[in-house]
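Structural description and commentary
Spelled out, the chains give:
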Amino acid sequence: MTISQLFNAANLFVLPFWALMILLPNWKVTRQIMSSYLPFVLLAGAYLYLFISSITPENAQALSNPQLADIAKFFADESAAATGWIHFLVMDLFVGRWVYWEGQKTGVWTIHSLALCLFAGPMGLLSHILTDWITKAFFPNSQQNETVTI
């Protein structure tokens with residue numbers, strides 16, 4: 001499998017998980033699938049493969065003492081860029097899964113935060129933190145009725 005094919009496969013691989021969390025959050029199958037670490041193991045395996053194959057002595061030096069110019073040179077390489085992108089996919093999905101489970105446990109609305117996590121994990125995380133805070137501060141009784149037992 002080429003780097004480009006692995007990159008494309010990883011992009012497609014995460015989409016069903018996002019679709020389930022966003023479109024069918026309360027479905028038993030969604031909960032079952034999202035309780036598994038298997039998606040992260042597979043993505044992390046792809047990441048590890050690309051990471052090992054993209055490390056050279058020069059890259060290792062750049063990563064050990066990061067300077068912006070060195071990191072920019074590192075990511076100019078197609079293999080390093082694919083490695084970085086799969087890193088984003090793994091971490092964004094992990095954050096999205098955490099947001100999803102927090103919403104399931106507390107009843108806090110998560111669709112907007114999950115959509116943001118899909119495209120920019122840290123913004124989705126911030127969105128969920130703010131939504132949780134606003135819900136607790138202004139609608140404290142709404143969570144009691146919507147909390148789901150997992």
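Just above, that's the structure.
Criteria and thresholds
- Residues numbered from 1 in each chain as written.
- Predicted model: local features only at pLDDT ≥ 70, side-chain atom pairs only at ≥ 80, totals over all residues.
- Heavy atoms only, no water.
- Helix = DSSP H or I, 4+ residues; strand = E, 2+ residues; numbered from the N terminus.
- Buried < 20%, exposed > 50% of the residue type's maximum accessible area, 1.4 Å probe, protein only.
- Contact = heavy atoms within 4.5 Å.
- Expected span 1.5 Å × (residues − 1).
- Arc of directions from axis to C-beta.

**A word on the overall build of the chain**
Per the secondary structure count, the chain includes nine helices and zero strands. Going from the N terminus to the C terminus, the chain shows its helices and strands as α-α-α-α-α-α-α-α-α. Taking the principal axes of its C-alpha atoms as reference, the chain extends roughly 55 × 30 × 20 Å. When each of the 150 residues of the chain is scored for burial, the buried share is 35%. Counting only contacts in the chain whose residues sit at least 6 apart along the sequence, the fraction spanning at least 24 positions is 68%.

**Looking at helix 8 (residues 121-138)**
In a regular helix each residue adds 1.5 Å, so 18 residues correspond to 26 Å; helix 8 covers 25 Å between its end C-alpha atoms and thus fits that length. Of all the positions in helix 8, only Gly121, Gly124, Ser127, His128, Thr131, Asp132 and Thr135 are classed as buried. An end-on view of helix 8 places all buried positions within 130° of arc, on one side of the element. Opposite the buried face of helix 8, by more than 90 degrees, sit the exposed residues Pro122, Trp133 and Phe138.

**Details of the side chain of Ser79**
Secondary-structure assignment places Ser79 in helix 6 (residues 78-106). On the basis of relative accessibility, which here comes to 9%, the residue Ser79 falls in the buried class. With residues up to four places along the chain from it excluded, the contact list for Ser79 reads Ile3, Leu50, Ser53 and Ser54.

Don't take any of this as a statement about function, it's just geometry.
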